[in-house]
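Listed below, chain by chain, are the residues.
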Amino acid sequence: MMIFSEKAPAKINLTLDVLHKREDGYHELEMVMTSIDLADRIDLMETDDGQIHMDSTSGLVPLDERNLAFRAASLIRERFGIRQGVRIFIHKKIPVAAGLAGGSSDAAATLRGLNRMWKLGLKPEELVELGAELGSDVPYCVRMGTALAKGRGEILRPLPPPPPCWVVLAKPPHGVSTADIFRRLDIGRISSRPDTEGMIDALSRSDYPAVCRLLGNVLEEVTLEMFPEVRRLKERIRRYGADGVLMSGSGPTVFGLVDRESRARRIVNALRGFCRQVFAVRMLGVPEGATAHGG
Ligand code: ATP
């Protein structure tokens, strides 16, 4: 029995801007995102019962059509008239409801993996289009790496990877609902917006101090207002010596950029007393390819 494995890396936002609300009700977004070396693994196995089965190492993710990976498999089966079923196993490493696009990355990995398993021959652009039907971070997660995402997230432009550095992540115990944060965002009252062009420039010059200085996310003020402990966590990471600090996505995970591993480890140790889920990982400049192995 062949197992098709795909790595599903988490992302962080280097910038996140909400330009306006569109007539179709969606928000017009502008986000610079980059993959980090913290990843789930998706294992796919064909079944002949025409059903989608799911299992996971985590008790926190739903195992039915509420799971984005399940929806990715449904979409592919329906769109291409596939009779076979699939067993999806999610080895969960990415914290859930964290602002790290865990569910979106699992869905994107499922699209990539099923494209191989069922030999659909879909080009990356076609997988991006399918991803856009599932959620606004899924198109980016199909391509991974570093990219500018615009529109609802489906307009992608690849960017040079950030300068090599370490990312210290701290995930407060509670989750955050992305829909809730967007509902509370008052676009007319955003007090400061990220300099997206400046960030793109900093990436093309591989200018680490500028990348740290230009980190910005308009959802931060909404989430920090709701959860003062997230603000305190952010201040703490900066105080412990990170070069730049930001909340990722709609939160509540906050991250700090650090230029040396020894310093990243020191910050992680200092944070342990305040937060249970703390990681230090590398940026993932160019994501690793997928693997298929017999079993
Ligand atoms: P984003 O940054 O894209 O908003 P997130 O990292 O904030 O995503 P997820 O981990 O994707 O959030 O989870 C958000 C919700 O989606 C969870 O409450 C969970 O119930 C549901 N969910 C659906 N599929 C998955 C999945 N494969 N992994 C984790 N959560 C999932």
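Residues numbered from 1 in each chain as written. Predicted model: local features only at pLDDT ≥ 70, side-chain atom pairs only at ≥ 80, totals over all residues.

## Observations concerning the site of the ligand
For clarity, the threshold we go by: Near, as applied to residues and a molecule or strand, means the residue's backbone-placed C-beta atom lies within 6 Å of it. Under the DSSP-based scheme used, a helix requires at least four consecutive residues in state H or I and a strand at least two consecutive residues in state E, with every element numbered from the N terminus. Think of it as three bins: nonpolar holds Ala, Val, Leu, Ile, Met, Phe, Trp, Tyr, Cys and Pro, charged holds Asp, Glu, Lys and Arg, and polar takes everything else, Gly as well. Where each domain begins and ends follows an automated or database-derived domain assignment.
Around the ligand sit 22 residues, and of these Ala-101, Gly-102, Gly-103, Asp-106 and Gly-249 come closest. Sorting the residues of the shell around the ligand by element identifies α1 (68-79) and α2 (102-117) as the ones contributing at least two each. A per-element tally of the shell around the ligand places α2 first, with 4 residues. Across the shell around the ligand, the residue classes break down as 10 nonpolar, 9 polar and 3 charged. Looking at the shell around the ligand, you find at least three residues from each of domain 1 (2-160) and domain 2 (166-282).

## A word on the packing of α2 against helix α3 (residues 124-132)
The cut-off we apply is this: To obtain each axis, a line is fitted to C-alpha atoms, and for helices this fit is confined to the stretch in contact; angles are then taken between N-to-C directions over 0 to 180 degrees. Oblique is the label for any angle not under 35 degrees, not over 145, and not in the 65 to 115 range, which are roughly parallel, roughly antiparallel and roughly perpendicular in turn. Take the far helix as the reference: if the near one is turned anticlockwise from it by less than a right angle, the crossing is left-handed, and if turned clockwise, right-handed. A pair of residues counts as a contact when their C-beta atoms, built from backbone coordinates, are separated by no more than 7 Å.
Two elements in contact, α2 and α3, have axes separated by 10 Å at closest approach and are oriented at 135 degrees. In terms of orientation, α2 lies oblique with respect to α3. α3 is crossed by α2, and the crossing has right-handed handedness. Two secondary-structure elements touch here, α2 through Ala-108, Leu-111, Arg-112 and Asn-115 and α3 through Leu-127, Leu-130 and Gly-131. Classifying every residue of the contact of α2 with α3 gives 4 nonpolar, 2 polar and 1 charged.

## Some thoughts on the UniProt feature "active site" (unreviewed entry) in the protein
Threshold: UniProt positions are given in the numbering used here, feature names are shortened, and annotations may be inferred rather than shown by experiment. Residues with at least 20 neighbouring C-beta atoms inside 10 Å of their own are called buried, those with 12 or fewer are called exposed, and the rest are partly exposed, where every C-beta is derived from the backbone.
Within the UniProt annotation, "active site" (unreviewed entry) is assigned to Lys-11 and Asp-137. These annotated residues cover 127 residues of sequence, and their C-alpha atoms lie no more than 9.4 Å from one another, placing them together at a single site. Positionally, Lys-11 belongs in strand β1 (residues 2-21). Ignoring anything within four residues of it in the chain, the contact list for Lys-11 reads Met-33, Thr-34, Ser-35, Ile-36, Leu-100, Ala-101, Tyr-140 and Cys-141. Counting through the fold element by element, Asp-137 comes out in the loop between α3 and α4 (138-143). With 29 C-beta atoms counted inside 10 Å, the residue Asp-137 sits in the buried group. Setting aside anything within four residues of it in sequence, one finds Asp-137 in contact with Ala-101, Ser-104 and Gly-153.

## Quick word on the domain arrangement of the protein
Each assigned domain of the protein is listed here: domain 1 (2-160) and domain 2 (166-282). A straight line from the C-alpha centre of domain 1 to that of domain 2 covers 23 Å. With 26 residues of domain 1 in contact, the opposing surface of domain 2 contributes 32 residues. Broken down by class, the residue content of the side of domain 1 that touches domain 2 amounts to 16 nonpolar, 6 polar and 4 charged.

## Examining unusual backbone geometry
A cis geometry characterises the amide bond from Gly-251 onward to Pro-252, with omega recorded as 5 degrees. By the secondary structure assignment, Pro-252 is in the loop between β9 (244-247) and β10 (254-258).

## Description of the UniProt feature "binding site: ATP" (unreviewed entry) in the protein
The sites that UniProt annotates as "binding site: ATP" (unreviewed entry) are Pro-95, Val-96, Ala-97, Ala-98, Gly-99, Leu-100, Ala-101, Gly-102, Gly-103, Ser-104 and Ser-105. Mapping Val-96 onto the fold places it in the loop between β4 (85-91) and α2. Since 14 C-beta atoms lie within 10 Å of it, Val-96 is described here as partly exposed. Setting aside residues no more than four positions away along its own chain, Val-96 makes contact with Ser-58, Leu-60, Val-61, Gly-102 and Gly-175. Residue position: Gly-103 is located in helix α2. Here Gly-103 falls in the buried class, since 28 other C-beta atoms lie within 10 Å of it.

## Here's the deal with the sheet that holds strand β7 (residues 166-171)
So the rule is basically this: Being paired, for any two strands, means DSSP has found at least two bridges between them.
One open sheet accounts for 4 strands, arranged β9-β10-β7-β11; its pairing is antiparallel. The open sheet has two edge strands with one neighbour each: β9 and β11 (277-282). The average angle at which neighbouring strand axes cross in this sheet is 20 degrees, direction not considered. Where β7 and β11 come together, 6 bridges link them in antiparallel fashion. By the bridge assignment, Ala-170 is partnered in β11 with Val-278. Packing of helix α10 (residues 261-271) onto the sheet brings it into contact with β7, β10 and β11, and relative to β7 it is tilted by some 10 degrees.

## Some details on α10
Rule in force here: The directions considered for the arc are those from the helix axis to the C-beta atoms.
Residues of α10 that are buried include every one of Ala-264, Ile-267, Val-268 and Leu-271, and no others. Seen from one end, α10 has its buried residues packed into an arc of 100 degrees, which puts them on one side. In α10, the exposed positions that point more than 90 degrees away from the buried face belong to Ser-262 and Asn-269. Here the buried face of α10 lies against β7, α9 (228-239), β10 and β11.

## Thoughts on the pairing of strand β5 (residues 146-151)
Of the pairings in the sheet, the one linking strand β2 (residues 27-47) to β5 comprises 6 bridges and is antiparallel in character. Bridge pairing in β5 links Glu-30 to Lys-150. With 4 bridges joining them, β5 and strand β6 (residues 155-158) adopt antiparallel strand pairing. Looking at β6, one finds that Lys-150 is bridged to Ile-155. If you look at the hairpin formed by β5 and β6, you'll find 3 residues sitting between the two strands, and Gly-153 has a positive phi there, around 115 degrees.

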